[in-house]
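Structural characterization, general
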Amino acid sequence: MTGKNDGRKQGRTIAFFMGKNLTRKILEAHLAKPSDMRPGEEGEIRLLRVFGEQPVVTVPGFIDGRCVRELGDYCFSRRKLPENEIRYSRYCGGMWKSGLFVSKDKMKNNSTALKQGNETENIVSEKTIEQDEKLHELSEKYIKEVQLPADIVKIGSCAFYNCTKMERISVYPKLVEVGSDAFMNCLNLRSLRMCAGVEEPTGLKQLLAQIKWQVEVSFEKTAGEKEAVLLYPEYYESYDEIGPAHIFELNLTGEGFRARQCFKEGVILLNAYDEIFPQACVEESAEVLIPMAWNRLYAACGLSPEARAAYETYVREQSGKVLAIILKKRELKPLHFFFEKGYGRKEQIEDAVAIASHEEWMEGVASLIAWKRELFAEPEKTADVKSRYSFEEF
């Protein structure tokens, strides 16, 4: 992908645009000239910059027939693109059409033509491209969510630097290399979706190494079907100076660091993750412990009887707070699971009906009333009890 010869095909560095009417455009910086590429050689692509109209970014797996393999350094951050020739292509009608070239050191307009072989292509400036269809540079505060393609293997250093409003990212198991400070200042990034099974080797450990704050990870091999959901608490690093020799001792605070080490050969060790919960109960707050326990119970993949008992005990102790969180999300399946498993009491389902009614969540009200009859029905009177109200003997 870079200038080194590592046995792979030499790729291209690109940035693409997403425009109206399903039109996409690319900025493509060549690492190998087209004349140097053999016929039929597809090569690989490194993404440099993204432009579009929406803050939810779906990176394509292939651009102009070439596989997207990397996010370049500072890809989603405001930084000048490399000072080299950049190719500008257009995606329309299901096909990529190569075309415009961009000169970064000279300002030219769309009417200028350049003869290359048998092809005539327009020369435009980067400024002209940025103004085309009024596309927005997808970087920093503009981004809310990013979906990466299945063949991405690397995220470059500071790729999401200062994306302070990004809340969610979806990745695939082939992503195994994450550059330093890839998510620096992305403190609102609280959800990470791994498009893989929980027993598959992934690059999750490398991703979590760059996210020290609290983040929730869901394993979804099939979209919408969560096989497991794990919450990784925030942890802090500090250094103490030891003696006059300026030797420093690293101190780690919080169970989040231990949780991030529960991997073997890229596969998460669920039993090891569950073993940190007792100590987490000592160090972490209820805001951290409730989702840790609830997520493991609701998506109970690989949950041992001992771990289940520990989580259930905590959820019952915090049942009021757990119920309030579920009601706020207005999700029926977790709500039914909460009462079906006996984590909630009869008076709590009555309170939940009142809360749902006040919030005008009529679907929730109807479901809660039905579950109350189903789960907390009054036992039928026995024959002996009924006989006490019989007047046949008189």
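1. Concerning the overall build of the chain
Of the regular secondary structure elements, the chain holds 12 helices and 22 strands. If you sum the accessible surface of the chain, you get close to 21,500 Å²; carbon and sulfur atoms cover 50% of it.

2. Considerations on the layout of surface pockets
With a probe scaled to a water molecule rolled over the atoms, the places where space remains empty come into view. Estimated volume of the largest pocket: approximately 750 Å³. Lining the largest pocket are 29 residues; nearest its centre among them are Glu216, Lys226, Asn295, Lys329 and Glu331. Secondary structure elements with two or more residues in the lining of the largest pocket: strand E16 (191-194), strand E17 (215-219), strand E18 (228-232), helix H6 (286-298), helix H8 (319-329) and helix H9 (332-340). Per element, the largest residue contribution to the lining of the largest pocket is seven residues, and it comes from H6.

3. Quick word on the packing of H9 against helix H11 (residues 362-375)
The contact between H9 and H11 brings their axes to 11 Å, and the two run at 20°. Compared by their axis directions, H9 and H11 come out roughly parallel. Regarding H9 and H11, the two cross each other, and that crossing is right-handed. Together, Leu332, Leu335, His336, Phe339 and Glu340 of H9 and Glu363, Gly364, Ser367, Leu368, Trp371, Glu374 and Leu375 of H11 make up the contact between the two elements. In terms of residue class, the contact of H9 with H11 is built from six nonpolar, three polar and three charged.

4. Regarding the pattern of salt bridges
Tallying each qualifying case throughout the model produces 14 salt bridges. When the shortest N-O distance is used, the salt bridge between arginine 69 and glutamate 44 registers 3.5 Å. Separated by 25 residues along the polypeptide, arginine 69 in strand E6 (residues 66-71) and glutamate 44 in strand E3 (residues 44-52) bring together distant segments of the chain. The exposure class of glutamate 44 is buried, given its relative accessible area of 12%. Where lysine 221 meets glutamate 200, a salt bridge forms, and the shortest distance between an N and an O atom there is 3.2 Å. You can see lysine 221 sitting in the loop between E17 and E18 and its partner glutamate 200 sitting in the loop between E16 and helix H2 (204-208), a full 21 residues away along the chain.

5. Concerning the state of the cysteines
Summed over the entire model, instances satisfying the criterion amount to zero disulfides. The thiol sulfur of cysteine 158 is not disulfide-bonded, and the nearest other cysteine sulfur, from cysteine 186, lies at 9.8 Å.

6. A word on the sheet that holds E18
Overall, mixed pairing links the six strands, which are arranged E4-E12-E14-E16-E17-E18 in an open sheet. Each end of this open sheet is capped by a strand with a single partner; those strands are strand E4 (56-58) and E18. Geometrically, the sheet is characterised by an average inter-axis angle of 15° between neighbouring strands, direction not taken into account. Pairing geometry for E4 and strand E12 (residues 145-147), over three bridges, is parallel. Pairing of threonine 58 across the sheet is with glutamine 147, part of E12.

7. Remarks on the environment of phenylalanine 339
For phenylalanine 339, the location among the structural elements is in helix H9. Residues in contact with phenylalanine 339, not counting those within four places in the same chain, are Leu323, Gly344, Arg345, Gln348, Ile349, Leu368, Leu375 and Phe376.

Calculation rules
In every chain, residue numbers begin from 1 and rise along the written sequence. Owing to the predicted nature of the model, reporting of local features is limited to residues with pLDDT of at least 70; listing and counting of side-chain atom pairs is limited to 80 or more, with chain, interface and lining totals taken over all residues. Each side-chain value is derived from all of the structure's non-hydrogen atoms; neither hydrogens nor water enter the calculation. Numbering of helices and strands runs from the N terminus; a helix is a DSSP stretch of H or I covering at least four residues, while a strand is a stretch of E covering at least two. The Shrake-Rupley method, run with a 1.4 Å probe sphere, supplies the accessible areas, and residue values consider only the shown protein chains as cover. Every definition here rests on a 1 Å grid over the protein atoms only: cavities are sets of points where a 1.4 Å probe fits but cannot get out, pockets are open sets enclosed by protein on both sides within 12 Å along at least five of seven lines, and lining residues have some atom within 4 Å of a point. Grid points are joined across faces, edges and corners, and a volume is the space filled by probe spheres set on the points. Interaxial angle, 0 to 180 degrees, is taken between N-to-C directions of lines fitted to C-alpha atoms, where a helix line uses only the stretch in contact. To sort the angles, those under 35 degrees are grouped as roughly parallel, those over 145 as roughly antiparallel, those from 65 to 115 as roughly perpendicular, and the leftovers as oblique. Take the far helix as your reference; a near helix turned counterclockwise from it by less than a right angle gives a left-handed crossing, and one turned clockwise gives a right-handed crossing. In this description, contact between two residues means that some pair of their heavy atoms is separated by no more than 4.5 Å. Side-chain classes follow a simple rule in which Ala, Val, Leu, Ile, Met, Phe, Trp, Tyr, Cys and Pro form the nonpolar group, Asp, Glu, Lys and Arg form the charged group, and the remainder, Gly included, forms the polar group. For this document, the term salt bridge refers to a Lys or Arg side-chain nitrogen within 4 Å of an Asp or Glu carboxyl oxygen. Using a 1.4 Å probe on the protein chains alone, a residue whose accessible area is under 20% of its type maximum counts as buried, one over 50% counts as exposed, and one in between counts as partly exposed. Cysteine sulfur pairs qualify as disulfides if the two atoms are within 2.5 Å. Here, a strand pair is defined by DSSP locating no fewer than two bridges between the strands.

From the geometry alone we can't say anything about function, so treat these as descriptive.
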